[in-house]
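Chain and residue survey
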Amino acid sequence: MDLGLKGRVVLVAGGSKGIGLACAEAFAAEGARVAIASRNANNLAAAQKRLGEKGFEATAVPGDLADPRAAMALVAEVERRLGAIEILVNSAGAAKRHSPEDLDMQAWHDAIDAKYFTYVHAMQAVLPGMAARGRGAIVNIVGQGGKIASTAHLAGGAANAALMLLSAGLAAAYGRHGIRVNAVNPGVTLTERVSGRFEAEGKTAGISPEEARRRGEQSIPLGRYGRPEEIAAVAVFLASDRASYVTGANIPMDGGAASTVV
């Protein structure tokens with residue numbers, strides 16, 4: 001299936017690792033012109049190298065999306081180098097996991113700043129241009145933690161829930177400008193940072209991280225955790241014209257773990 005993404009300009013925020021990097025690779029494979037953003041220049045260089053080894057190119061732009069001014073500057077730099085951003089994929093920022101007794105006020109603020117506001121700043125930076133051009137697509141990689149409460153992920157889950165609502169609200173607000181906004185909500189996905197999840201869940205349950213992982217996999221109908229490239233495949237589809245009538249959707253990708261009606 002041709003997704004019609006050849007030559008389209010895509011910014012993947014958080015594109016140096018994990019799901020974001022998988023998204024960058026998937027868009028590049030479709031012929032899109034991809035920019036990846038991260039706070040860490042070393043991670044960006046490593047991501048560029050990995051993509052290059054697979055025959056793909058990506059423009060690396062460092063910047064801290066937790067700072068709204070830095071987000072505006074980052075978007076301006078991407079557009080200076082590649083042209084107008086037509087697609088934004090938000091995959092930057094992650095809230096640390098804590099057992100409930102370890103949560104303090106700073107941890108709550110850190111979670112909202114790290115996950116919620118990084119996404120907001122990136123969207124606010126691209127939305128005016130997209131609206132002026134009458135076209136755009138935003139895909140927010142959020143997480144099922146915003147729908148299914150976890151005692152080891154209360155602060156991050158609250159940020160995810162807010163992003164789900166914001167994604168649906170922006171879709172309603174900007175649909176008349178030709179902009180689609182959707183969210184993908186992965187369950188546990190095997191990225192570099194997933195070990196922290198098992199440590200926090202193990203501490204809460206009084207078991208080892210290895211046992212926490214084993215129990216988690218057993219609870220999933222498909223019997224395993226997700227892979228970054230599986231999340232990326234759905235994100236690429238949602239950003240493409242093949243999904244031209246899909247907006248305001250919150251798509252669960254958890255292997256059937258949350259058997260609920262959406």
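Look above for the structure.
Residues numbered from 1 in each chain as written. Predicted model: local features only at pLDDT ≥ 70, side-chain atom pairs only at ≥ 80, totals over all residues. Heavy atoms only, no water.

Looking at the overall build of the protein
Tallying secondary structure elements over the protein gives eight helices and seven strands in all. Relative to its length of 262 residues, the protein is compact, with a C-alpha radius of gyration of 18 Å against a globular reference of 18 Å. The principal-axis extents of the C-alpha atoms in the protein amount to approximately 50 × 40 × 40 Å. When each of the 262 residues of the protein is scored for burial, the buried share is 47%. With an accessible surface of roughly 12,200 Å², the protein has 53% of that area assigned to carbon and sulfur atoms. (Helix = DSSP H or I, 4+ residues; strand = E, 2+ residues; numbered from the N terminus. Rg over C-alpha atoms; globule rule 2.2 N^0.38 Å. Buried < 20%, exposed > 50% of the residue type's maximum accessible area, 1.4 Å probe, protein only. Areas by Shrake-Rupley, 256 points an atom, 1.4 Å probe, with all protein chains shown as cover.)

Examining the packing of aromatic side chains
Two numbers describe a pair of aromatic rings. These are the distance of the centres and the angle of the planes. Enumeration over the complete set of coordinates arrives at two aromatic pairs. With a centroid separation of 5.1 Å and an interplanar angle of 80°, the aromatic rings of Tyr116 and Phe117 are classed as edge-to-face. The exposure class of Phe117 is partly exposed, given its relative accessible area of 32%. (Phe/Tyr/Trp six-rings, centres within 6.5 Å; stacked < 30°, edge-to-face > 60°.)

As for the side chain of Asn140
In this structure, Asn140 sits in strand β5 (residues 136–141). Among the residues examined, Asn140 registers a relative accessible area of 0% and is labelled buried. A polar side-chain atom of Asn140 sits 2.9 Å from a polar atom in the side chain of Ser167. Dropping the residues within four chain positions of it, Asn140 is found in contact with Asn90, Tyr119, Met123, Ser167, Val181, Asn182, Ala183 and Val184. (Polar contact = N/O pair within 3.5 Å; in protein donor to acceptor, adjacent residues only side chain to side chain. Contact = heavy atoms within 4.5 Å.)

A short note on the nonpolar core
Of all hydrophobic cores here, the largest spans 65 residues; its most connected members are Leu11, Phe27, Ile36, Val89 and Ile141. Residue contributions to this core peak at nine residues, all from helix α4 (residues 105–133). When near neighbours in sequence (up to four residues on either side) are disregarded, Ile36 contacts Val12, Gly15, Ala24, Leu44, Ala47, Gln48, Ala58, Thr59, Ala60 and Val61. Grouped together as the second largest cluster of nonpolar side chains are five residues, Val188, Phe198, Ile220 and Tyr225 included. (Core = buried A, V, L, I, M, F, W, Y, C linked by side-chain atoms within 4.5 Å.)

What about the sheet that holds strand β2 (residues 33–38)?
Spatial strand order, β3-β2-β1-β4-β5-β6-β7: seven strands in an open sheet with parallel pairing. Two strands lie at the open edges of the sheet, namely β3 (59–62) and β7 (250–253), each paired on one side alone. Shown here is a sheet whose adjacent strand axes are inclined to one another by a mean of 20°, direction ignored. Relative to β2, strand β1 (residues 9–13) runs parallel, the two sharing five bridges. Pairing of Ala13 across the sheet is with Ala37, part of β2. Against the sheet, helix α5 (residues 154–174) touches β5, β6 (179–186) and β7, its axis set at about 165° to β6. Sitting on the sheet, helix α8 (residues 228–239) touches β4 (87–90), β5, β6 and β7, and the angle it makes with β6 is about 165°. (Pairing = 2+ DSSP bridges. Axes fitted to C-alpha atoms, helices over the stretch in contact; angles between N-to-C directions.)

Some details on a nonpolar patch on the surface
A cluster of nonpolar side chains, contributed by Met105, Trp108 and Leu154, occupies part of the molecular surface with about 290 Å² of accessible area. Mapped onto the elements of the fold, Leu154 is located in helix α5. (Patch = residues over 30% accessible without salt bridge, like charges linked within 9 Å, V, L, I, M, F, W, Y side chains within 5 Å. Salt bridge = Lys/Arg side-chain N within 4 Å of Asp/Glu carboxyl O.)

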